Amino acid sequence: MQKMFLFIWLAMINVATALNTKDWMFRIPDKYSTTNISMPGTHESMSRYGGETTQCQNTSLTQQFDNGIRFVDIRCRHLNDELLIFHGPVPQRATFDDVLKATTEFLAAHPKEAVFMRVSEEYTPENNTKTFAQAVQIYVDRYPIGALYKGKGYPPMSEARGKLVVLRDYGGPATFGLPYGDMDIEDQWQIEDLSKEEIQKKWNAVRGHLEKAQLGPTGTMYLTYSSGAGVFAWPDDVSERLNKMLAGYLGDSKAKWGMIAMDFPNAKLIDMIIDSNV
Ligand SMILES: *[C@@H]1O[C@H](CO)[C@@H](O)[C@H](O)[C@H]1NC(C)=O
Ligand SMILES: *[C@@H]1O[C@H](CO)[C@@H](O)[C@H](O)[C@H]1NC(C)=O
Ligand SMILES: *[C@@H]1O[C@H](CO)[C@@H](O)[C@H](O)[C@H]1NC(C)=O
């Protein structure tokens with residue numbers, strides 16, 4: 001009998017934690033600007049294949065959303081008029097349709113949440129009859145219009161809920177989204193090796209940008225990549241070091257950090273970023 005109670009109690013705790021990260025944005029007041037909060041994100045969100053030199057994540061997009069991730073970084077190769085997910089030359093066994101399906105399904109199930117998505121072109125295009133911008137528009141048009149943010153500036157939470165805000169990291173026309181280049185971005189990703197100096201150099205860039213984000217005007221959206229890589233520094237080794245430094249820096253402080261894009265973020269680090277919201 002006691003065992004039974006213990007089991008039910010543990011199951012309830014599990015449900016409570018899961019709900020927390022699946023639906024954390026409901027706590028953010030409607031009138032707050034989406035630039036005025038802290039959002040955990042992932043770098044190369046779909047990069048799970050290709051070995052240690054290429055892999056940046058170990059969870060699916062849906063798992064990332066469930067864990068609380070609200071900024072994702074999507075790289076598409078334009079090939080035979082299709083958009084395929086690539087990391088450099090390495091295919092990631094998914095299409096842009098898979099990405100949009102997972103995202104719109106998550107938002108439909110969690111209508112108080114919002115997802116910010118960088119979309120950019122990766123690797124060499126081949127055999128296309130359309131431009132990259134036209135291809136993205138065609139894919140996006142297959143999904144319910146209501147799921148896409150079509151406003152002009154960074155929305156307040158009230159207008160972002162249930163929406164996908166595409167951050168267009170490519171040229172050409174679109175009926176949706178905001179320009180990626182308008183954000184204040186730290187993405188100094190090249191890391192020579194795993195020496196103390198190289199890791200410290202990257203950390204200084206991250207910390208400097210987080211300080212800037214914390215104090216910066218609410219009209220600006222800040223995006224800080226804690227990820228980095230190089231021939232002698234693979235993403236998992238770099239993130240192991242940088243994520244630890246990031247966790248130490250964030251502590252339990254309350255601040256607006258903007259969006260923080262990470263490789264292999266663990267649940268605790270994601271929770272820390274969510275919890276830094278007032
Ligand atoms: C930004 O957040 C602070 C609390 O951290 C709040 O007092 C302020 O009203 C917010 N402003 C906007 C524009 O969202
Ligand atoms: C481009 O199209 C040609 C003709 O259909 C095909 O043989 C070739 O494999 C395509 N290239 C790629 C990279 O898919
Ligand atoms: C993914 O990597 C993170 C960081 O190393 C780890 O905490 C987590 O357990 C891993 N998740 C899976 C599903 O392997």
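What counts as what
Residues numbered from 1 in each chain as written. Chains lettered and ligands numbered in written order. Predicted model: local features only at pLDDT ≥ 70, side-chain atom pairs only at ≥ 80, totals over all residues. Heavy atoms only, no water. 1 Å grid on protein atoms, 1.4 Å probe; cavity = no way out; pocket = protein on both sides within 12 Å on 5 of 7 lines; lining within 4 Å. Points joined across faces, edges and corners; volume = space filled by probe spheres on them. Nonpolar A, V, L, I, M, F, W, Y, C, P; charged D, E, K, R; others polar. Helix = DSSP H or I, 4+ residues; strand = E, 2+ residues; numbered from the N terminus. Buried < 20%, exposed > 50% of the residue type's maximum accessible area, 1.4 Å probe, protein only. Near = heavy atom within 4 Å. Polar contact = N/O pair within 3.5 Å; in protein donor to acceptor, adjacent residues only side chain to side chain. Areas by Shrake-Rupley, 256 points an atom, 1.4 Å probe, with all protein chains shown as cover. Axes fitted to C-alpha atoms, helices over the stretch in contact; angles between N-to-C directions. Parallel < 35°, antiparallel > 145°, perpendicular 65-115°, else oblique. Left-handed = near helix turned anticlockwise from the far one by under 90°. Contact = heavy atoms within 4.5 Å. UniProt positions renumbered as here; feature names shortened; annotations may be inferred. Phe/Tyr/Trp six-rings, centres within 6.5 Å; stacked < 30°, edge-to-face > 60°.

Describing empty space enclosed by the protein
Applying the stated criterion to the full structure yields 1 cavity of 30 Å³ or more. Volume-wise, the largest cavity comes out at about 30 Å³. Looking at the largest cavity, the residues that line it are Leu100, Thr104, Val140, Tyr143, Ala147, Leu148 and Leu164. When its residues are assigned to classes, the lining of the largest cavity shows 6 nonpolar, 1 polar and no charged.

Let's talk about unusual backbone geometry
Leaving glycine aside, a negative phi is the common case for residues, and trans is the common case for peptide bonds. A positive phi angle, near 45°, is found at Glu44, a position not held by glycine. Here Glu44 shows up in the loop between β1 (38-42) and α2 (61-67). Of the residues examined, Glu44 reaches a relative accessible area of 4% and is grouped as buried. Look at Asn80: it is not a glycine, yet its phi comes out positive at around 50°. Examined against the element boundaries, Asn80 turns out to sit in the loop between β2 (71-79) and β3 (82-87).

Considering the site of ligand 2
Surveying the vicinity of ligand 2 reveals the residues Leu79, Asn80, Glu126 and Asn127. Take Asn80: an N or O atom from its side chain is 3.1 Å from an oxygen atom of ligand 2. Residue Asn127 places a side-chain N or O atom 2.2 Å away from an oxygen atom belonging to ligand 2. Surface burial for ligand 2 is 33%, taken as the share of its 360 Å² of free accessible area covered by protein chains. Residues of the shell around ligand 2, tallied by class, amount to 1 nonpolar, 2 polar and 1 charged.

Some points on the site of ligand 1
Tyr32, Ser33, Asn36 and Val278 make up every residue found near ligand 1. Between an oxygen atom of ligand 1 and a main-chain N or O atom of Ser33, the distance comes to 3.0 Å. Side-chain polar atom of Asn36 to an oxygen atom of ligand 1: 2.3 Å apart, as the coordinates give it. Here ligand 1, which alone exposes 370 Å², has 52% of that area covered by the protein. In terms of residue class, the shell around ligand 1 is built from 2 nonpolar, 2 polar and no charged.

Looking at the packing of helix α3 (residues 96-109) against helix α4 (residues 132-140)
The interhelical angle for the contact between α3 and α4, taken along N-to-C directions, is 40°, at an axis separation of 10 Å. It follows that α3 is oblique to α4 by the angle criterion. The element α3 and its partner α4 pack so that their crossing is right-handed. Along its contact with α3, which presents Phe96, Asp97 and Leu100, the element α4 presents Val136, Tyr139 and Val140. Its residues assigned to classes, the contact of α3 with α4 comprises 5 nonpolar, no polar and 1 charged.

Here we look at the UniProt feature "domain: Phosphatidylinositol-specific phospholipase C X" (unreviewed entry) in the protein chain
Annotation from UniProt places "domain: Phosphatidylinositol-specific phospholipase C X" (unreviewed entry) at residues 30-169. Spanning residues 30-169, this segment combines 24% helix with 28% strand, and its end C-alpha atoms are found 27 Å apart.

As for the pairing of β1
Most of β1 is tucked away, with 5 of its 5 residues classed as buried. On β1, burial covers both faces: Ser38, Pro40 and Thr42 on one face and Met39 and Gly41 on the other are all buried.

Topic: the packing of aromatic side chains
Scanning the entire structure with this criterion turns up 7 aromatic pairs. With a centroid separation of 6.2 Å and an interplanar angle of 10°, the aromatic rings of Phe86 and Tyr123 are classed as stacked. Note that Phe86 is positioned in strand β3 and Tyr123 in the loop between β5 (115-121) and α4, a separation of 37 residues in sequence. Between the aromatic rings of Phe96 and Tyr139, the centroid separation amounts to 5.8 Å while the plane-to-plane angle is 45°, which identifies the pairing as tilted. On the criterion of sequence distance, the pair formed by Phe96 in helix α3 and Tyr139 in helix α4 is long-range, its members being 43 residues apart. Among the residues examined, Tyr139 registers a relative accessible area of 4% and is labelled buried. Within the aromatic cluster, the residues linked to one another by ring pairs are Trp203, Tyr249 and Trp257.

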